[in-house]
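Coordinates in review
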Amino acid sequence: MLCRTISRRRHVIQSITTCSGNSWRKKTDAGGVSSFYSTPMLHKFHDDNFDCLRLRDVHCQTTNGVKVTVYSFYMGTREETPESEHWWRYSILIENVGDVTVQLRERTWCIFSNSDSKETVTGRGIVGQEPVLSPTQCFQYSSLVSLRSSAGHMWGTYLFEREDRKFINVSIPPFLLISKHGEEDK
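Scoring rules and cut-offs
Residues numbered from 1 in each chain as written. Predicted model: local features only at pLDDT ≥ 70, side-chain atom pairs only at ≥ 80, totals over all residues. Heavy atoms only, no water. Pairing = 2+ DSSP bridges. Helix = DSSP H or I, 4+ residues; strand = E, 2+ residues; numbered from the N terminus.

Considering the pairing of strand 6 (residues 102–113)
Look at any regular strand and the pattern is simple: side chains alternate between the two faces of the sheet. Two elements, strand 6 and strand 8 (residues 132–133), share 2 bridges in a ladder whose sense is antiparallel. Counterpart to glutamine 103 in the pairing with strand 8 is valine 132. Where strand 6 lies against strand 10 (residues 151–162), 11 bridges are found, and the strand directions are antiparallel. For serine 113, the partnering residue across the bridge sits in strand 10 and is glycine 152. Two elements, strand 6 and strand 7 (residues 117–124), share 8 bridges in a ladder whose sense is antiparallel. Counterpart to tryptophan 109 in the pairing with strand 7 is valine 121. The hairpin formed by strand 6 and strand 7 contains 3 residues between the paired strands, and aspartate 116 there has a positive phi angle of roughly 70°.

A few points about unusual backbone geometry
In the Ramachandran plot, asparagine 64 falls in the positive-phi region, its phi being about 50° despite a non-glycine side chain. Relative to the elements of secondary structure, asparagine 64 occurs in the loop between strand 3 (58–63) and strand 4 (66–78). Phi angles above zero are rare outside glycine, and threonine 136 is one such case at about 75°. Mapped onto the elements of the fold, threonine 136 is located in the loop between strand 8 and strand 9 (138–147).

Set out below in structure tokens:
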């Protein structure tokens, strides 16, 4: 199954890339207009891996004129390590729904594992950037997190600087990190 190991997932993703010529067929009509349609191979991939690829929960929170939307996907376990590590990818959309320009300066994450460990991570910016968001602008990024437990959750805050040089805290809503094993542990 795709969810079991990261290396298996990488293999499947590489298979899509290398087999993309077999996943889609191109038809050109008499007028020269091209259209594409999926092949049985792509349908089989979707059917075999739908559970791992589907979006489960979306978490949103608006604080001080900034809306943060988070969703996460379970990637699998890393079997090369002595202790099993479970990996998740999370994606975050940050939207300025306020009326002043803001710049993200730092982040603080609280990562809680069901094995009773809590880690706090603080640093400048996100993914090496300190994005500036004018009203109605947004910024999206993805990252990875690992736990030695099959379940846990994360939450945090962003520190933004407004155009008037005042600082505001923006909440990152809590979201679950659940693997197939974690669902069975409930």
